[in-house]
Amino acid sequence: MFSKNNKWFLLILLSLIWGSSFILIKRGLVGLNPFQLGALRIIFASLFLLVIGFKSLFKIPLFKWKYIAITALFGTGFPVFLFAYAQTGIKSSVSGILNSLTPLYTLLLGILLFGLTFMRNQIFGVLLGLTGCLMLVIGGNSGNGETNYFYAFLVVIATLCYALNVNLIRKYLSDVSPLSITTGNFTFLLIPAIVILFISGYPQIALQPEVKHATLFIIVLGMLGTGVANILYFQLIHITSPLFASSVTYFIPLVAMAWGLLDGERLSPLQFLGSLIILSGVYLASKNKA
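Cut-offs applied
- Residues numbered from 1 in each chain as written.
- Predicted model: local features only at pLDDT ≥ 70, side-chain atom pairs only at ≥ 80, totals over all residues.
- Heavy atoms only, no water.
- Helix = DSSP H or I, 4+ residues; strand = E, 2+ residues; numbered from the N terminus.
- Polar contact = N/O pair within 3.5 Å; in protein donor to acceptor, adjacent residues only side chain to side chain.
- Buried < 20%, exposed > 50% of the residue type's maximum accessible area, 1.4 Å probe, protein only.
- Contact = heavy atoms within 4.5 Å.
- Phe/Tyr/Trp six-rings, centres within 6.5 Å; stacked < 30°, edge-to-face > 60°.
- Axes fitted to C-alpha atoms, helices over the stretch in contact; angles between N-to-C directions.
- Parallel < 35°, antiparallel > 145°, perpendicular 65-115°, else oblique.
- Left-handed = near helix turned anticlockwise from the far one by under 90°.
- Nonpolar A, V, L, I, M, F, W, Y, C, P; charged D, E, K, R; others polar.
- Core = buried A, V, L, I, M, F, W, Y, C linked by side-chain atoms within 4.5 Å.
- Expected span 1.5 Å × (residues − 1).
- Bend = angle between axes of the 7 residues up to and from the residue.

*Asks:* Please explain the side chain of Thr 106 as it appears in this structure.
*Replies:* In this structure, Thr 106 sits in helix α5 (residues 102–114). Of the polar contacts made by the side chain of Thr 106, one reaches the backbone oxygen of Thr 102; its length is 2.8 Å.

If you want it as structure tokens, here you go:
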């Protein structure tokens, strides 16, 4: 579908899509609780992917379905609910900033669990990007009040799940097409998500005006921010590396902050400096040669 020459295009496109996801979650939480939001996000993404990718399911070897199930849980199942619950206690921009921890965990898990090797410049790039991320958090706290660290920790757990997922895909599913992986993941999650949705009480409130309005945001989030984005993300893993693919999370805070500017938020000089450091880290981490 894409070649290595398209890696930066995919990276920027994914950054725009996923960076906008946090504001959509915020809008969705106006009428939904975190469990309803997470379940609806999975359901809408699943239905969309089954329409465009049903035939791709038959291309998945039977013995690979265990990896499809595992990556479904760590790549989507757990993080979807963790992010939704976290944003009941922290701002969407902070959630986007903390999401930048993913490349660091990808690097560490790749070395510790999967025997992957990385160049010195890549390690330095990841650490530089993390430094910029911390500066963004500090700058955000100084201008917008203290962060609720319990809810922030939920995002950290979610990023750890993402990091494990990207390494698992690279190691065990590199010969499976991105569409097959994505469709398989959400097919596995569809029934559990429906059960969670009914248990959460959504059918009883579905016709309330604010719930219908919130659901529209989650339809966009599920189809575009989850369904389409996951296909592009897995394609990026296939044509580059887990580290480069996970570096999409460095750009996400920039997009999240842009949405904040549209909402009238101000960026401190420290946040601007952190943004520049993040971009520098992405450049270094993506270089193939030291």
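*Asks:* How do you make sense of the side chain of Asn 165 when you look at a structure like this?
*Replies:* Within the secondary structure layout, Asn 165 lies in helix α7 (residues 149–172). Residue classification places Asn 165 among the buried positions, given a relative accessible area of 3%. The residues touching Asn 165, leaving out its near neighbours within four places in the chain, are Thr 71, Phe 74, Gly 75 and Phe 234.

*Asks:* Help me out: how do you make sense of the packing of aromatic side chains in this one?
*Replies:* A ring pair, where both rings are aromatic, is described by two values, the distance of the centres and the angle of the planes. A complete count under the given rule lists 9 aromatic pairs for this structure. Note on Phe 54 and Phe 58: the rings are 5.4 Å apart at their centroids and 85° apart in plane angle, and the pair reads as edge-to-face. Here Phe 58 falls in the exposed class, since its relative accessible area comes to 65%. An aromatic cluster is present here, built from Phe 22, Phe 83 and Tyr 162 joined pairwise through their rings.

*Asks:* Sorry if this is basic, but what is going on with the packing of helix α2 (residues 34–53) against helix α10 (residues 209–239) here?
*Replies:* Any two packed helices are characterised by the angle at which their axes cross and by the distance between the axes. In contact at an axis separation of 8 Å, α2 and α10 are set at 55° when each is read in the N-to-C sense. In this view, α2 runs oblique relative to α10, as classed from their interaxial angle. Classified by chirality, the crossing of α10 by α2 is right-handed. Contact residues: α2 offers Leu 37, Leu 40, Arg 41, Phe 44, Ala 45, Phe 48, Leu 49 and Ile 52, while α10 offers Thr 215, Ile 218, Ile 219, Leu 221, Gly 222, Met 223, Gly 225, Thr 226, Gly 227, Val 228 and Ile 231. Its residues assigned to classes, the contact of α2 with α10 shows 13 nonpolar, 5 polar and 1 charged.

*Asks:* Could you clarify how one ought to interpret the packing of helix α8 (residues 178–199) against α10 in this entry?
*Replies:* At a minimum axis separation of 8 Å, α8 and α10 run at an interaxial angle of 135°. In terms of axis orientation, α8 runs oblique to α10. Remark: the crossing between α8 and α10 carries right-handed chirality. When α8 is examined against α10, the residues Pro 178, Leu 179, Ile 181, Thr 182, Asn 185 and Phe 186 are found in contact with a partner set consisting of Thr 226, Gly 227, Asn 230, Ile 231, Phe 234, Gln 235 and His 238. A breakdown of the residues in the contact of α8 with α10 according to their chemical character gives 6 nonpolar, 7 polar and no charged.

*Asks:* Teacher, can you tell me more about the nonpolar core here?
*Replies:* Across soluble globular proteins, you tend to see nonpolar side chains buried next to one another. Ranked by internal contacts, the top residues of the largest apolar core, which has 76 residues, are Leu 14, Leu 32, Tyr 233 and Leu 236. By residue number, the principal contributor to this core is α10, which donates 12 residues. In this view, Leu 14 contacts Gly 19, Ala 229, Leu 232, Tyr 233, Leu 236 and Val 248; residues no more than four positions away in its chain are not counted. Residues Leu 109, Phe 114, Ala 163 and Leu 168 belong to the second largest nonpolar core, which totals 5 residues.

*Asks:* Is there a simple way to think about helix α1 (residues 7–28) in this case?
*Replies:* Structurally, the α-helix is built with 3.6 residues per turn, so residues lying three or four positions apart point the same way. For α1, spanning 22 residues, the distance from its first C-alpha to its last is 31 Å, which sits close to the expected 32 Å at 1.5 Å a residue. At Phe 22, α1 shows its largest kink, close to 30°.

*Asks:* It is not clear to me how the environment of Arg 170 should be interpreted in this structure. Could you clarify?
*Replies:* For Arg 170, the position within the fold is in helix α7. Residue Arg 170 is classed as partly exposed on the basis of its relative accessible area, which comes to 30%. Among all residues touching Arg 170, those that are not within four sequence positions of it are Ile 237, His 238, Thr 240, Ser 241 and Pro 242. Engagement of the side chain of Arg 170 in a polar contact is seen with the backbone oxygen of Ile 237, the distance being 2.6 Å.

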